[in-house]
2 protein chains.
Amino acid sequence: MITIVAKTVVIESEIETFINLANELITESKKEAGCREYNLYQDTENKNVLTFIEKWEDEEAIKLHNESAHFTSIVPKLGEMQVKDTEVNLYKQL
Amino acid sequence: MITIVAKTVVIESEIETFINLANELITESKKEAGCREYNLYQDTENKNVLTFIEKWEDEEAIKLHNESAHFTSIVPKLGEMQVKDTEVNLYKQL
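Source: prediction; values computed, not measured.

Here we look at the sheet that holds strand S2 (residues 35–43) of chain B
Sheets are built from strands that pair by backbone hydrogen bonding, the pairs being arranged parallel or antiparallel. Reading around the barrel, the eight strands line up as S1(A)-S3(A)-S2(A)-S4(B)-S1(B)-S3(B)-S2(B)-S4(A) and close back on themselves, with antiparallel pairing between neighbours. Neighbour-to-neighbour, the strand axes of the sheet open up by a mean angle of 30°, direction not taken into account. Bridge count between strand S1 (residues 2–9) of chain A and strand S3 (residues 49–56) of chain A: eight bridges; the pairing is antiparallel. Across the sheet, the residue bridging to A:Thr3 is A:Lys55, located in S3(A).

Next comes the structure, spelled out in structure tokens:
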């Protein structure tokens, strides 16, 4: 199992649009066979810090996800609403 | 429910000691009434990036955790093994 934490900082005026589009990505990603968890979290102090926490079965599942139609169509649009590039870490649980 | 992501960057030579001490913190924290999840994750590319992902019932549970004997005795020791301060975010799931 691999856990991904993908932290974004979103332009204030785009927060609602970002969340709506992220929800589309989440809905489609959860349908993928290798997806164990995929949710969006909002910082309680800084509303424009929005972080995905995901769990995937293995590296192959992540590769398929990154090549999926929903990923390749939605993620670039989310990127346009961000203050800076997403901070992504792939983790194994100890 | 509040999710905490606490990301640390640990001095290379201290990784094993850090993990052992973190496991003590995890064991004790999981005994707390308001703790729903408390685990340590290691970055698959950078072994010295070690991140706690925690879930707490509410703010009061986090307050009690921060005042607990295991937190106040172990967290400063973990801090001495880090390259920089822990990056902490408190999140609500959307």
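Considering the interface of chain B and chain A
Of the residues lining the interface, 19 residues belong to chain B; the matching set on chain A comes to 19 residues. Of all the elements in the fold, those that place two or more residues in the side of chain B that touches chain A are strand S1 (2–9), S2, strand S3 (49–56) and strand S4 (87–93) of chain B. Of the residues contributing to the side of chain B that touches chain A, the split by class is nine nonpolar, seven polar and three charged. As paired strands, strand S4 (residues 87–93) of chain A and S2(B) are joined by three bridges and run antiparallel to one another. Within S2(B), the residue paired with A:Tyr91 across the bridge is B:Asp43.

Remarks on the relation of the copies chain B and chain A
Superposing chain B onto chain A requires a rotation of 180° together with a translation of 0.0 Å along the rotation axis, leaving an RMSD of 0.0 Å. The operation mapping one copy onto its partner corresponds to a two-fold rotation axis. Distance from the rotation axis, computed per C-alpha, reaches its smallest value in chain B at B:Val5: 4.4 Å. An overlap of 100% is found between the interface residues of chain B and their copies at the interface of chain A, pointing to a shared contact surface.

Cut-off values and rules
Residues numbered from 1 in each chain as written. Chains lettered and ligands numbered in written order. Predicted model: local features only at pLDDT ≥ 70, side-chain atom pairs only at ≥ 80, totals over all residues. Pairing = 2+ DSSP bridges. Helix = DSSP H or I, 4+ residues; strand = E, 2+ residues; numbered from the N terminus. Axes fitted to C-alpha atoms, helices over the stretch in contact; angles between N-to-C directions. Contact = placed C-beta atoms within 7 Å. Nonpolar A, V, L, I, M, F, W, Y, C, P; charged D, E, K, R; others polar. Least-squares fit on C-alpha atoms with pLDDT ≥ 70 in both.

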